[in-house]
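# Fold and contact review
One letter stands for each residue in the lines below.
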Amino acid sequence: MIELVDVRKAFNQGRPNEFWAIRGVSLTVDANRVTVLKGPSGSGKTTLLSMIGCLSRPTAGRILFETQLLSGLPERFLTAVRRGTFGFIFQQFNLIKGVTVLENVMLPAYPLGGPRRRLEARAHDLLAQFGLAAKAGYRVEWLSGGEAQRTAICRALVNDPRVLVADEPTANLDTQLSRDFMGIVGDLRAAGKTVLLSSHDPEVYDSPVVDRVVEMRDGRLAGG
Amino acid sequence: MPIWLQRQKYLIDFTLASLLRRRAKNLGLLLVYALIVFALASVMLYTHALRHEAAHVLAGAPEIVLQRMVAGRHDLIGEEHIARIGQVRGVQTKAGRLWGYFYDPAVKANYTLMVPPDREIAPGDAIIGAGIARTRGLSAGDYLTLRGSDGKAHTLRVAGLLDARSELVSSDLVLVAEPFFRAFFGIPAGQYTDVALRVRNAQEVRKVAEKLTLLLPDTRPILRDEVLRTYDAIFNWRQGVVAVLLLGAILAFVVFAWDKASGLSAEERREIGILKAIGWETSDVIRMKFWEGAIVSLTAFLLGYLAAYAHVFLADAALFEPVLKGWAVLYPRFALVPTVDGLQLATLFFFTVFPYTVATIVPIWRAAITDPDTVMR
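Residues numbered from 1 in each chain as written. Chains lettered and ligands numbered in written order. Predicted model: local features only at pLDDT ≥ 70, side-chain atom pairs only at ≥ 80, totals over all residues. Heavy atoms only, no water.

## Remarks on the packing of helix α9 (residues 266-277) of chain B against helix α10 (residues 282-313) of chain B
Residues and elements named next belong to chain B. Quick note on the threshold: Between the N-to-C directions of two axes lies an angle of 0 to 180 degrees, each axis being a line fitted to C-alpha atoms and, for a helix, fitted only over the stretch in contact. Every helix listed is a DSSP run of H or I at least four residues long, and every strand listed is a run of E at least two residues long, numbered separately from the N terminus. To sort the angles, those under 35 degrees are grouped as roughly parallel, those over 145 as roughly antiparallel, those from 65 to 115 as roughly perpendicular, and the leftovers as oblique. Crossing handedness is defined as follows: a turn of the near helix away from the far one that is anticlockwise and smaller than a right angle gives a left-handed crossing, while the clockwise case is right-handed. Contact definition: two residues touch when any of their heavy atoms are within 4.5 Å. For this classification, Asp, Glu, Lys and Arg are treated as charged, while Ala, Val, Leu, Ile, Met, Phe, Trp, Tyr, Cys and Pro are nonpolar and the rest, including Gly, are polar.
Contact geometry of α9 with α10 gives a least axis separation of 9 Å together with a crossing angle of 135°. In terms of orientation, α9 lies oblique with respect to α10. Note on packing geometry: the crossing formed by α9 with α10 is right-handed. When α9 is examined against α10, the residues Glu268, Ile272, Leu275 and Lys276 are found in contact with a partner set consisting of Thr282, Val285, Met288 and Lys289. Per-class residue counts for the contact of α9 with α10 are four nonpolar, one polar and three charged.

Right, here's the structure in full:
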């Protein structure tokens with residue numbers, strides 16, 4: 001489904017502080033599977049996830065989604081692919097403070113301009129599915145950590161993406177909430193989603209719902 | 001609803017929700033902004049309405065007023081002059097007028113005494129303007145005593161008051177009979193203050209004035225258009241004075257608004273990153289900020305302008321009246337006819353709404369073109 005061919009990523013290229021975060025990664029991510037990128041901090045997990053999710057472009061190499069070459073797309077098209085294909089759950093959840101849970105969930109769909117009634121119904125369905133129906137009108141800063149994460153999951157799913165990308169999703173959760181999260185990941189896989197996670201939490205990479213663990217170190221696949 | 005329109009609606013909804021998050025700060029900004037628009041619009045509306053009123057009043061005035069000059073000073077004009085005007089082609093009617101200023105030390109105000117050309121007043125009677133009636137506490141049947149040119153006190157019976165609707169021009173008027181006027185000012189029969197001329201063809205007014213200057217070199221023709229221009233200049237000047245007074249406040253607001261609109265907080269930068277990461281395009285972010293600037297400035301403009309309209313036309317411009325109206329003692333009380341000058345409205349709109357909206361968009365441009373992956377770090 002997603003294929004990376006000798007992908008490299010440099011920051012501050014050509015400057016004295018040039019740094020290569022990814023140094024030639026080739027990888028295939030299968031559809032309808034849960035794949036975890038495992039590795040210590042600084043190993044390049046987040047950088048690789050951001051390139052796969054069209055948040056940034058590789059300095060060299062190719063990234064293909066099915067047959068479409070993503071790495072060469074201009075920003076506008078990259079945004080369209082990101083919006084329609086990928087849903088993101090960030091480490092800090094990155095919800096917009098001061099606005100309601102419902103509005104946060106609907107935000108990724110605004111640029112699509114669909115009918116409001118349909119969008120609201122979809123957001124309410126998702127919130128109900130994740131046990132947040134009663135919190136739809138709450139401001140996000142009033143939510144607990146677990147509720148904030150489930151809100152972030154609803155937001156990631158609102159455009160019905162095929163791939164869910166989660167960067168260190170359990171970093172701010174306790175053990176029970178981390179297990180709950182992996183339970184949700186299992187449900188998403190069962191619903192036909194492809195899930196790509198980055199983590200160095202054993203609750204994640206040792207979870208029975210995970211199909212494949214890819215280990216990274218110093219910008220390369222371990223042993224690669 | 002078309003997708004494009006629905007997108008704008010979503011953006012506006014989100015912008016409003018965003019603005020409400022910093023309610024106190026944004027409401028404060030809106031109020032100060034509206035206050036500035038209110039002050040500027042009040043001055044503009046008031047002076048424009050006054051000019052309009054003056055033009056309206058002068059529309060019935062004679063096209064040319066002829067004054068006799070002696071060594072550059074206005075002097076009385078005799079019947080022989082009036083007779084010679086008849087030789088000028090284009091003059092429809094000519095009539096000698098009797099009027100003069102009178103300073104009343106009792107109330108420190110100037111009155112205009114006048115013999116009306118179109119109504120009979122019994123000798124010893126006077127019809128007075130509402131301003132004088134208010135200042136002197138007079139009503140019909142009371143007596144008004146003024147000291148004449150002979151040093152003696154002349155008493156007039158107030159026969160009536162002038163219509164309050166014409167107060168803008170009649171506030172200081174005292175209409176008297178011709179014999180009283182001549183006796184009071186010591187003007188002999190056959191002499192007039194000036195001569196009012198009606199000219200049939202408006203295109204010929206300047207030519208007629210030219211001919212009069214040649215025919216009667218000791219006279220000065222005053223054209224109605226010139227009077228209008230003088231009024232314009234006076235009101236423009238007064239408008240300028242108020243604008244200068246307001247300049248400090250406006251500058252303070254500009255600095256404040258620029259800082260508010262153009263400064264992006266770390267929180268705002270973070271939010272832009274999040275929006276881009278979850279699928280918003282750079283143009284969506286810029287449009288959202290455009291709507292933010294437009295909503296704040298348009299609301300302030302509408303609030304300020306409507307308040308100014310009410311202030312000027314419903315509350316008689318109570319705040320700026322003394323500076324803009326200019327009369328000293330005999331302030332006329334009158335309701336201005338509401339008029340709005342399209343160009344003035346457009347100018348105010350351009351100088352208030354446009355800069356704020358631009359100031360909101362420019363810094364966002366720089367923030368919005370950064371890579372969305374910053375939120376991953």
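## Some details on the sheet that holds strand β4 (residues 60-65) of chain A
Residue and element names in this part refer to chain A. Quick reminder of the rule: A pair of strands is labelled paired if DSSP reports no fewer than 2 bridges between them.
Taken together, the four strands give an open sheet; going across it, the order is β2-β1-β4-β5, and neighbouring strands pair in antiparallel fashion. Strands at the two margins of the open sheet, each flanked by one partner only, are β2 (19-29) and β5 (68-69). Inspection of the sheet shows β4 paired to β5 by two bridges, in the antiparallel sense. Note that in β5 the partner of Leu64 across the bridge is Leu69.

## Some points on the interface of chain A and chain B
Put simply, the test is: Two parts lose some accessible area (1.4 Å probe) when they are put together, and adding that loss for both gives the buried area. Note on definitions: salt bridges are taken to be side-chain nitrogens of Lys or Arg within 4 Å of carboxyl oxygens of Asp or Glu. Identification of polar contacts relies on pairs of N or O atoms within 3.5 Å, with a donor-acceptor requirement for protein atoms, meaning one able to donate a hydrogen and the other able to accept it, and with residues adjacent in sequence counted only if both atoms are side-chain atoms.
Contacts between the two partners involve 33 residues from chain A, matched on the other side by 26 residues from chain B. Interface area, chain A with chain B, both sides summed: about 2900 Å², of which 58% is carbon and sulfur. Its largest share of buried area at the contact with chain B, chain A owes to A:Leu55, A:Ile96 and A:Tyr110, together 18% of the area lost on that side. Here chain A is connected to chain B by four salt bridges. Across the pair B:Asp13 and A:Arg116 runs a salt bridge whose closest N-O atoms are separated by 2.9 Å. If you look at where chain A meets chain B, you find 12 residue pairs in polar contact (both at pLDDT 80 or more). Every element with two or more residues in the side of chain A that touches chain B is listed here: α1 (45-52), α2 (75-85) and α4 (116-129) of chain A. The element best represented in the side of chain A that touches chain B is α2(A), accounting for five residues. For the side of chain A that touches chain B, the residue count by class is 15 nonpolar, nine polar and nine charged.

Honestly, it's all geometry; don't read function into it.
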